[in-house]
Every structure is written in structure tokens, then in C-alpha cells.
Amino acid sequence: MNKLTRLSIVGLFIIGTGSLFAQQGQGQLEEAEIVIRKDRRITLPPATRNFEKIPQLPVSETDTKQQYSFKTFQYSLSPLVPAFRTVNYQGNQRLSDLTSNFLKLGYGNYGTPYVEGYLGSKRHESYLFNLYVRHLSSKKGPVFDENSGEGRTEAAIGAKYFSNVNKVSGSMNYSSQKVHFYGYDSVLDLEPGDIERKFTRFSTNVLIENANKEQNFDYHFKTDWIFFRDSYEARENKFNFDVGGFFIVNEDLRFNIDLLATLSKRQDTEEDNRSYLNFRPRAIYRTNGFTFNAGFNLAGDNGFNKGLSIYPVIKADYALSSGFRIYAGYEGDLEFNSVESSISENPFLEADFDLRNTEKVSDITAGLDFQLFDGLTLSSGVSYATLNNLQFITNSISDSTRFEILYDGDKTDRLDVFGAVNFEKAGKVRSSLRFDFYNYSLATLTEAWHRPNFKAAFNSTIFPIEKLAITTDLYYLGGLKALNGETTQVYDLDDIIDLNLGGRYEVNDRIGVFLQINNLFGKEYERYLNYPSRGIQFLGGLSVSF
């Protein structure tokens, strides 16, 4: 009996049974003739078979292992510029309600006006542009009134274009800064113009990068042209180039490559053309919580470190468990130092100061990161570096109000033992603490002039109620030693403890008020010999978003 016959009999049985129950109480069954056809065949068209393999879906090259992010602290406690900050806390606003444009106006003691503004284009899928300005100055300083005043003005205009292939962005930037050489003896009677020094900086940059992040390769090209000068004879023109990218072989292996180049021309009482090159290939292998990074830095210049040298790079880390990671590494490199970077560290440098790139002959590191629970992360580590031409700063032999840069006669060994704690609870608190202990082994210098043996930084932002944010910043530097080259006298500078408090309250979606109090202890500490900082500083104001 074929399948069709079996199905027909089962169907008739079900129908017959249903009819029997349906006709109870309605009379007798009517006679009917049932015909079963065994010769009927059902013919189906042949199925189309696809023998091609199903294509594999694209795999996102996202590193799924635990990520750790630790804050980088700014320890350069300049005696000049108070680090006034305003807190931007968005609360529970929806994204569509936010506006990027703002204007902030404030005023503080020491005759300190403050203006900051940002104007950006409306959101567009293919482009954006923006304009930024900022001014902060103090008419009076810690000593001699206007003779220690300072100020800084910044302006920038930028734009970015998006396409399916590339992202192109660029900006033009201008800044000017004014300081005074106020570290002179109080018996002198000087006018502000006699000791004033101005810095002017203009730069333009262009960045081209890959817009499609789903590909297994990436690339970028960036160039910065920087023109820096002071009100005396110092000039520096820099042309920086950065070309790089990566290629993903598979989910375990990738190759990175980066090429950095700088052409620089320095002019002071003498002229110096400088060049710098650094080629950085890397191979990165990841598997089962283990990451291995190997390559080299091919770096050199035409200055003190003439020619190219190869510096090996080997790094490894292993995630023992979720939230716990250990790492170790060895690296050498050549770091480019410029007139601008040196003056940003100390704006009172003398003319024609000795400028060299710092060679990191080797840097051996090891440490661990540990996430105790969600939001709390601990880290600690050690670094032992051997360096050539590390900068040390002392007061000049010819003029103690100015500073010169000294270098150790041979290699300098630097030990850095560090630790950090980071805690964050979304919408409630963000806090971070980091400390570093340094020890220097010097060849010819007697001390690591103006470099601290210990430094620590604590930063915290809390949101006690909606629309209110309160910030706390505490910085500590200890073990500073200074040398007055004019008198050959050595000084142990007092430890620096700088406590800053700030707050911002959003009156409504558009208007906010802020208050910043810097150097709450009011101690006129000296980061550099003969240059005290301001005492307690207040800055309050209003912000408007539109």
C-alpha cells in the first residue's frame, strides 16, 4: 500500500468519525460511494541545488579582552598660568537637546578676565566646521604687581569632511602668550616693558584617514606646519609628517607601521637646520589572553645623535583573569625636543639654550592592572630607563632671572616606581590618584636639577545633585633642588602642595554658573628658583549654551 493510499484511509477515518458524532440525534447516515485511485502520481519539479559555500560574515576586529584606561596627569605646575577649569556636566539631557556652542565669561582676583567660546556647525552627515577662542590673563602677579603679570590668547578654526572612503580634517591655530622675567632682586626698579617676553605661535594641520573601519586595513596621513617665535630673536619653523596604518592578517595577528619625520629650522643669534626621522614597524599577536608586541624603532637626527640607530621594542601582557593583567616590556627610542616644547616647560629660558633630542637607550617596564570591582581599578609598575641628553634646568650663569638647559656628561639612569587608583560610578563620581617616585643615577651632574623625586596627583569630580558638579585637584611635588649658576649656590626648594576646588551649576539647559579656587592653601611655592607662584586665586563666571 503506497503512501497516498495510507493517507486517504486515515483521512476518511477522521472524517467518518467526525461525521458519526455530528449526526448523533440527527437521523441515519446517507449512503455514499468512495473511490480510491491508486494510479495517481504527484510530480514535483526538480529542486535547484546550490553547491556554493555560504560566504563567511565579516568579523569585526574588536579586541574583546579587558581594556584598562588610566589618566595621564599634568604635573607642570607653572607659576604663571592658573589652571582654571570649568566642568561640563550634561546630566540626563537627551542627545537631541544638547548644543555644542557656548560662551563663558568670568573674572578673578589679580585682575584676571576670562573669555572662552565655541561655535560649531549644525550636525551634518558629510561635514562640520568650528571656531574656538579663549583668553585668560592676569594683570598682576605674585610680586612686583604688573611686572609679574601674564596672559594667553588662543584661537582656532577647523573643519572636517566625511565620505565613504576617507575623512579629511584640518585646522588653523593661533596663540600668543606674555610673561615677564620677574625673578629679579627687589632692590631693582624695572618697568614691565623692560622684562616682558611674548611668544607667538601659528600652525596649520591636515589629517587624511580611512573612513571605513570595517576593513582589515587602515591608514592615515597627517602634517603639521608650525611657526613659533618670541619677541626677541628666537624663531622656529617646524614641518611634521606622520604616515601610518595597520593590516589585520587574522583575528590573532596584525601589523602596524608608522613613520614620523620633522624638518625644523631654528633661528636665534645663530641658525640651525634640524631633521628627525623615526620609523616604527610592529607585529602584534593576541591569543588566549596573551598579547605580544614586537618590532623596532629606526630613529635618528642630524644633530647630537647623528645618523640612524635601531632600537628594539618588545612588549607582552597577559590577562590572568577578567580585570587582572600583568605586563612587561623593553623599548628604546629617540624623542624629538624643540624650542617650543622646551619653552612650554619653562618660559624663562635664555637665548640660544642648548637643544638636543633625548635618546632613550633602553626602558625596561613591568607592572600590573587589577580591577577589584566594577568602577575601581588599581595599577602599579616600575620603569628603569637609561637616557642620553635628558634635560635639566638651572638658573643661568650670566643672568639668574633666566634659565639654561644642562645635560649629563654620560648616560643617566632613571628609576620610576608608580601606582594609580581609578574609581568611577556613572553620574555620581569620577576620581583618580597617581603617584611616582623617581631616583636618578647621574654621571657628571651632582643633582637632577629642578626634577622632583616624588610627585602625586589626585583628581575628583562628584555630582552630589542633578546639574551640580564639584571638582577637587590636589598636586604634590617633592625633592626639588635648584642651582643658581650665577652664584653657584644650591637650594632645596620647598615641597609643592597645590589644592584646587571648583564647581559648576546648570541653572537651566542654557545657562550655568561656575567658580574656581586655585592654590587654596595660598602658598607662594617656587616651581623654578626665584619665581614664586600666585597665592590663592578665585575665578567665577557665567556660561551660556546656544
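Residues numbered from 1 in each chain as written. Predicted model: local features only at pLDDT ≥ 70, side-chain atom pairs only at ≥ 80, totals over all residues. Heavy atoms only, no water.

Draft legend 1. Spatial organisation of the overall build of the protein. When its secondary structure is counted, the protein shows 2 helices and 28 strands. Classification of the 546 residues of the protein by burial places 38% in the buried group. The long-range fraction of contacts in the protein, counting pairs at least 24 apart against all pairs at least 6 apart in sequence, stands at 57%. (Helix = DSSP H or I, 4+ residues; strand = E, 2+ residues; numbered from the N terminus. Buried < 20%, exposed > 50% of the residue type's maximum accessible area, 1.4 Å probe, protein only. Contact = heavy atoms within 4.5 Å.)

Draft legend 2. Structural context of the packing of aromatic side chains. Summed over all chains, the structure comprises 20 aromatic pairs. A ring pair is formed by Phe144 and Tyr184, whose centres lie 4.4 Å apart and whose planes are at 10 degrees; its orientation type is stacked. Here Tyr184 lies in the loop between strand S5 (166-180) and strand S6 (196-210) and Phe144 lies in the loop between strand S3 (127-138) and strand S4 (150-162), a separation of 40 residues in the sequence. Aromatic ring contacts, followed pair by pair, group Phe181, Tyr182, Phe348, Phe403, Tyr528 and Tyr531 into a single cluster. Its guanidinium or amino end placed over the ring of Phe246, Arg254 lies 4.1 Å from that ring's centre, counting from NZ or CZ. For the cation-ring pair, Arg356 lies above Phe304, with the distance from its terminal atom to the ring centre recorded as 4.4 Å. (Phe/Tyr/Trp six-rings, centres within 6.5 Å; stacked < 30°, edge-to-face > 60°. Lys NZ or Arg CZ within 6 Å of the ring centre and 35° of its normal.)

Draft legend 3. Examining the environment of Phe463 more closely. By the element assignment, Phe463 lies in the loop between strand S20 (454-462) and strand S21 (468-478). Overall, Phe463 belongs to the buried group, its relative accessible area being 6%. Sequence separation of Phe463 and Arg430 is 33 residues, and the distance between their C-alpha atoms is 9.0 Å.

Draft legend 4. Molecular detail of the pattern of salt bridges. Per the stated rule, a full pass over the model turns up 19 salt bridges. The salt bridge partner of Arg280 is Asp333, with a shortest N-O separation of 3.1 Å. A residue pair is termed long-range when its members are at least 10 positions apart, and Arg280 in strand S10 (residues 271-287) and Asp333 in strand S13 (residues 324-335) qualify at 53 residues. On the basis of relative accessibility, which here comes to 24%, the residue Arg280 falls in the partly exposed class. (Salt bridge = Lys/Arg side-chain N within 4 Å of Asp/Glu carboxyl O.)

Draft legend 5. Examining the side chain of Asn519 more closely. Position of Asn519 relative to the elements: it lies in the loop between strand S25 (511-518) and strand S26 (526-528). Among the polar contacts listed, one links the side chain of Asn519 to the backbone oxygen of Lys523, at a separation of 2.9 Å. If we ignore the near neighbours within four places in the chain, the residues touching Asn519 are Ile497, Asp498, Leu499, Asn500, Tyr525, Ser533, Arg534, Gly535, Ile536 and Gln537. (Polar contact = N/O pair within 3.5 Å; in protein donor to acceptor, adjacent residues only side chain to side chain.)

Draft legend 6. How the structure looks around the side chain of Asn357. Mapping Asn357 onto the fold places it in the loop between helix H2 (339-345) and strand S14 (358-373). A distance of 2.9 Å separates a polar atom in the side chain of Asn357 from the backbone nitrogen of Asn337. Not counting residues up to four positions away in its chain, the partners in contact with Asn357 are Arg274, Tyr276, Asp301, Asn305, Leu334, Glu335, Phe336, Asn337, Asn388 and Asn389.

Draft legend 7. Molecular detail of the pairing of S5. With 12 bridges connecting them, S4 and S5 associate as antiparallel partners. Directly across from Ile157, in S5, lies its bridge partner Met172. One ladder, built from 15 bridges, connects S5 with S6; its direction is antiparallel. Residue pairing across strands places Tyr174 opposite Phe202, the latter belonging to S6. (Pairing = 2+ DSSP bridges.)

Draft legend 8. Representation of the pairing of S6 within the structure. Both S6 and strand S7 (residues 217-230) contribute to a ladder of 11 bridges, which runs antiparallel. Considered in S7, the bridge of Phe199 is made with Asp230. Counted between consecutive antiparallel strands, the loop separating S6 from S7 contains 6 residues.

Draft legend 9. Representation of the nonpolar core. Grouped together as the largest cluster of nonpolar side chains are 19 residues, with contacts concentrated most on Ile343, Phe348, Phe353 and Phe403. Listed by contribution, the elements that provide at least two residues to this core are H2 and strand S17 (403-406). In this structure Phe403 touches Asn346, Phe348, Leu349, Glu350, Ile393, Thr394, Asn395, Ser396, His450, Tyr528, Leu529 and Tyr531, once residues within four positions along its chain are discounted. Core analysis: the second largest hydrophobic core is formed by 10 residues, Ala385, Leu390, Phe392 and Leu445 among them. (Core = buried A, V, L, I, M, F, W, Y, C linked by side-chain atoms within 4.5 Å.)

Draft legend 10. Molecular detail of a negative patch on the surface. Residues Glu233, Glu270, Asp272 and Asp352 make up a contiguous surface patch of negative charge. A relative accessible area of 31% means that Asp352 is categorised as partly exposed. (Patch = residues over 30% accessible without salt bridge, like charges linked within 9 Å, V, L, I, M, F, W, Y side chains within 5 Å. Areas by Shrake-Rupley, 256 points an atom, 1.4 Å probe, with all protein chains shown as cover. Lys, Arg positive; Asp, Glu negative; His and termini not counted. Charge placed at Lys NZ, Arg CZ, Asp CG, Glu CD.)

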